[in-house]
Amino acid sequence: MPLDDQTPGQKPGEARQFKVVGTRPLRPDGIDKVTGRARFGADMSAPGMLIGRVLRSPHAHARIRSIDASKAEALEGVKAVVTRADFGAGDDDVADILDNCMAGEKALYDGHAVAAVAATSAAIARKALKLIDVDYETLPHVVDVDAAMKPDAPVLHEGLSDETVPDGVSQNVVHRVEFGHGDVEAGFAKADKVLERSFKTAATHQGYIEPHACLATMGTDGIADLWVCTQGHYMVRNTCAAILGIDQGKLRVTASEIGGGFGGKTTVFLEPVALALSRKANRPVKMTMTREEVLRATGPTSSTSIDVKIGMNKDGKITAASADLRYQGGAYQGSPADMGSMTAFAPYDLENVKTVGWDVVTNRPKAAAYRAPGAPMAAFAVESVVDELAKGFGLDPLDVRLKNAAREGTKSSYGPTFPAIGLEATLQAAKDHPHWKAPLGPNQGRGVACGFWFNFGGDTCVSLNITPDGTVTLSEGNPDIGGSRASMSMMAAEELGIPYDQVRTVIADTGALGQNEVTDGSRVTFAVGLATIKAARNAKKVLCERAAMVWGIDPEAVEWADGCARPAGDNAGKFPPMSLKEIAAIASNTGGPVAGHFEVNAEGAGVSFATHMVDTEVDPETGAVKVVRYTVFQDAGKAVHPAYVEGQFQGGAVQGIGWALNEEYIYGEDGRLQNPGFLDYRIPVASDLPMIDTVILEIPNPGHPYGVRGVGETSIVPPLAAIANSVSEAAGVRMTDLPMSPPKVLAAIQNG
Amino acid sequence: MSQIHVTTKINGDTTEYLCDPEETLLDVLRDRLALTGAKEGCGTGDCGACSVTVDGRLVCSCLTLGAEADGCEIDTIEGMADGEKLHPLQQKFLEHAALQCGICTPGILVAAKSLLEKNPSPTEEEARYWLAGNLCRCTGYDKIIRAVMDAAEEMRRAS
Ligand code: FES
Ligand code: FES
């Protein structure tokens, strides 16, 4: 029974002809979302529900001498108060996460949770927080990455540095990584020019519009339910179970619709606290964060300080490249310095390359993943130097990138050898695009940059059930963050040969499927898509067996094509095709219901590259920068739903625009965040922007049956650099410090 | 602290509620009336996710008190479709894939509807400035603006 990657009649090596994949159907959750009835994290309630609120540290760094909650507990309407004392030691694996959710001995940043209250109303809960007495001993703090590395910097955690960290730096340096190959010093010696530059990027926040929210119910028997907006409800289950010391199987987590995550909802903040409050009060507890809490206590990305050195010959060939990348990851270890170091030079085929990354802790909220974590800042630094060198030699920056571009067979700067990749295709498409030739106006500049992301696979489960009337329900375990239910329904329909609207995809709760990795690493369309296709193939196998049973022929003699079981060739016998509907209708009499499922730790995600091109205009009077034209060129492998692929390209580009031009965490001398709101932490608005043009390249990923690569993250990697290159050209001065806010650009122009 | 009795019309239906003096209209809609289509993205008037109209005027319901709505007509996302018939903006948002996560969508639809009531033929720039108070973090606004312009055109043709 041929159930392989080819459609019937397709010759080996010929591109597969898709019927559903590549079209643009309406999304299945669309009507719910345009009518306001889709339920997000904060939209759920339960009978007898309490409202939980968190008390947060006003200090950047302080020892917690004692907490007295007796007055709060005595307030009418208060049903539970928890502090760290209400949590056990927890597993070592989750020690940092627990400490981040509820401070232990020390408050490590402004906004760090120190206690929480559940009360019959939000007003009472807020009042109760004011009645909690925390006795703090304030300590010296540090928020800047370079300052935190100095030997005399205030230390957050004693003895955290591991064996990779050399002597002579602060204990705030947790870990050092190194990647590369060849001999960079020899390579620099051969170069016509060696350029060395230092860069800084400010911390930015993912800025999802939906604040964190959850509704927890936990009984004294340890059976618990949690409704939560998250990128991974299986992760929430496992993490909360470990923190609370309960069995994973007893905690059922249901993912709400999610109002954006971008990596920031790949960990827990409120969830263990809500469960602990619910356990103590023995009532459901709902918790939501305010925007201020979101900015002070969740997810920002690392701020960084990066040195890059590149040697280039007159013809544009890079002879050697090195970078030193320092990332502060907030109050706990785990900044993406490693991924920054791996991705920095990934677009290039280099003989001599070396990157060193430093993971540093500071008195800031723990950095969470943000769309291609670690990569945009590294690309900003590297692509700026490549650009400056190219322009210095009078070379076309796209030609220089093409000359050095990684391709199939390139040994990447971080180790593996690339299979078929799409970088050159994006560069060539950029070169051929009218944007590249369009004239620029006064005070305008054009920048280009490349970016890379690994893409992830990971644990994935899909269950595909065929109903008695022959429609299909598909259960997957990954929250749909930007249209993935549509993509899964499309891939299932494609594989089964039925119309798209015959498949409904739902996000199952943690009780319904095995373990699923979070929605991260641009993994879902790849990995869940792969599992969907394999689950459909398993179902088709059963469907063919049922037809064979009816026809009284060998199951091997039945094939599946165009939504029907058919005898495979004339020798199999002459029977009219049996449709999915017909087989479903007799399923009960031919052995029982038909389903297909697939569980896998998906590998072969297929790396992804993009090239971005941007025109900016700089106002020489004010330093304000306006983005006037933007084009994204990115390899999608195979675009399952092109509209949502374009959406990922556009969204990533615009987040990058915000990062490049406006967004930054601003700390005062006191170590407190000065701009915890959308007024002062300014993300791009509609009037800041032009249309974002997109060009989808499709270089099939050999690791996916349809060639799909993840697309969500690569799109934020090039914009910081592309915009910096553009602004530098427009302003006539090299910009090395993000964000390029008006005062900085003006100062750069004035200081030449 | 005694509660205030308020009588309003919400999406055309007379509605009464009691609310605390400091309670926002957004909290009333969401927590008392179970109209959770308006979202709280910031609570400070900076994101537009809570957009509703009060007597036809576009407001951030997080900055409006529940008590202020007494005697007013309030329209929310829940009242935008006419029975089973979606408003052209809703339909165009679906067709243009103008939403990814969809948390901003109710607010943007309410704001866009209010734009088209005032200005049936906005330029792209006018649409962008009108919607500048509605944050979307997912889409980069491209498809949102296209959907609004397309809906405007369709509504002009239909009228
Ligand atoms: S919640 Fe009202 S403007 Fe953001
Ligand atoms: S679609 Fe997610 S914020 Fe707009």
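Residues numbered from 1 in each chain as written. Chains lettered and ligands numbered in written order. Predicted model: local features only at pLDDT ≥ 70, side-chain atom pairs only at ≥ 80, totals over all residues. Heavy atoms only, no water.

Our focus in this paragraph is the overall build of chain A. Along the backbone of chain A there are 20 helices and 27 strands. Reported as C-alpha extents along the three principal axes, the dimensions of chain A are approximately 85 × 75 × 50 Å. A burial count over chain A gives 63% of its 752 residues as buried. Of the contacts formed within chain A by residues at least 6 apart in sequence, a portion of 79% connects residues at least 24 apart. Accessible area of chain A: about 25,600 Å², with a carbon and sulfur share of 50%. The positive charge centre, built from 70 side chains, and the negative charge centre, built from 91, are 3 Å apart in chain A. (Helix = DSSP H or I, 4+ residues; strand = E, 2+ residues; numbered from the N terminus. Buried < 20%, exposed > 50% of the residue type's maximum accessible area, 1.4 Å probe, protein only. Contact = heavy atoms within 4.5 Å. Areas by Shrake-Rupley, 256 points an atom, 1.4 Å probe, with all protein chains shown as cover. Lys, Arg positive; Asp, Glu negative; His and termini not counted. Charge placed at Lys NZ, Arg CZ, Asp CG, Glu CD.)

All names here are of chain A. What the four strands build is an open sheet, ordered E19-E18-E17-E23; its pairing is mixed. The sheet terminates laterally at strand E19 (503-507) and strand E23 (595-602), the two strands that pair on one side only. Pairwise comparison of adjacent strand axes, ignoring direction, gives a mean angle of 15 degrees for this sheet. Two strands pair when backbone bridges link them, and strand E17 (residues 458-466) and E23 are joined in this way by eight bridges, in the antiparallel orientation. By the bridge assignment, Thr460 is partnered in E23 with Val600. Against the sheet, helix H16 (residues 524-551) engages E17, strand E18 (472-476) and E23, with an angle of about 145 degrees to E23. (Pairing = 2+ DSSP bridges. Axes fitted to C-alpha atoms, helices over the stretch in contact; angles between N-to-C directions.)

Residues and elements named next belong to chain A. For the structure shown, the criterion picks out 61 salt bridges over all chains. One salt bridge connects Glu495 with Lys540, and the closest N-O pair in it is separated by 2.9 Å. Linking Glu495 in helix H15 (residues 484-496) with Lys540 in helix H16, this pair joins segments that are 45 residues apart in sequence. When sorted by exposure, Glu495 lands in the same class as Lys540, which is buried. Its salt-bridge partner being Glu698, residue Lys638 comes within 3.5 Å of it at the nearest N-O pair. With Lys638 in the loop between strand E25 (625-635) and helix H18 (642-661) and Glu698 in the loop between strand E26 (692-697) and helix H19 (719-731), this pair connects stretches of sequence that are 60 residues apart. Residues participating in the shared-partner salt-bridge network are Arg27, Asp29, Lys33, Glu257, Asp480 and Arg485. (Salt bridge = Lys/Arg side-chain N within 4 Å of Asp/Glu carboxyl O.)

A few words now on the domain arrangement of chain B. Residues and elements named next belong to chain B. Under the domain assignment, chain B is made up of domain 1 (4-79) and domain 2 (88-158). Placing a centre on the C-alpha atoms of domain 1 and another on those of domain 2 gives a separation of 21 Å. Facing the 13 residues of domain 1 at the interface are 13 residues of domain 2. A combined buried area of about 970 Å² lies between domain 1 and domain 2, and 64% of that area is made up of carbon and sulfur atoms. (Domains from an automatic or database assignment. Buried area = accessible area lost by both parts, 1.4 Å probe.)

All names here are of chain A. According to the stated counting rule, one finds 15 aromatic pairs over all chains in the structure shown. On the numbers, 5.0 Å between centres and 70 degrees between planes, the contact of Trp453 with Phe454 is edge-to-face. For Trp453, a relative accessible area of 0% gives the class buried. A connected cluster of aromatic rings, assembled from ring pairs, spans Tyr414, Phe418, Phe452, Trp453, Phe454, Phe456 and Phe609. (Phe/Tyr/Trp six-rings, centres within 6.5 Å; stacked < 30°, edge-to-face > 60°.)

On to the domain arrangement of chain A, then. Residues and elements named next belong to chain A. Along its sequence, chain A is carved into domain 1 (30-36 + 457-602), domain 2 (49-139 + 210-259 + 265-297) and domain 3 (303-455 + 606-751). For domain 1 versus domain 2, the distance between C-alpha centres works out to 40 Å. Opposite the 19 residues of domain 1 that make contact, domain 2 presents 16 residues. A combined buried area of about 1,300 Å² lies between domain 1 and domain 2, and 55% of that area is made up of carbon and sulfur atoms. Connecting domain 1 to domain 2 are three salt bridges. A salt bridge links Arg485 to Glu257; the nearest nitrogen and oxygen atoms lie 2.8 Å apart. The tally of links from domain 1 across to domain 2 stands at nine residue pairs in polar contact (both at pLDDT 80 or more). Classifying every residue of the side of domain 1 that touches domain 2 gives six nonpolar, eight polar and five charged. (Polar contact = N/O pair within 3.5 Å; in protein donor to acceptor, adjacent residues only side chain to side chain. Nonpolar A, V, L, I, M, F, W, Y, C, P; charged D, E, K, R; others polar.)

All right, on to the UniProt feature "domain: Aldehyde oxidase/xanthine dehydrogenase a/b hammerhead" (unreviewed entry) in chain A then. The positions that UniProt labels "domain: Aldehyde oxidase/xanthine dehydrogenase a/b hammerhead" (unreviewed entry) are, in the present scheme, residues 35-140 of chain A. Overall, residues 35-140 of chain A shows 21% helix and 32% strand. The separation of its end C-alpha atoms is 51 Å. (UniProt positions renumbered as here; feature names shortened; annotations may be inferred.)

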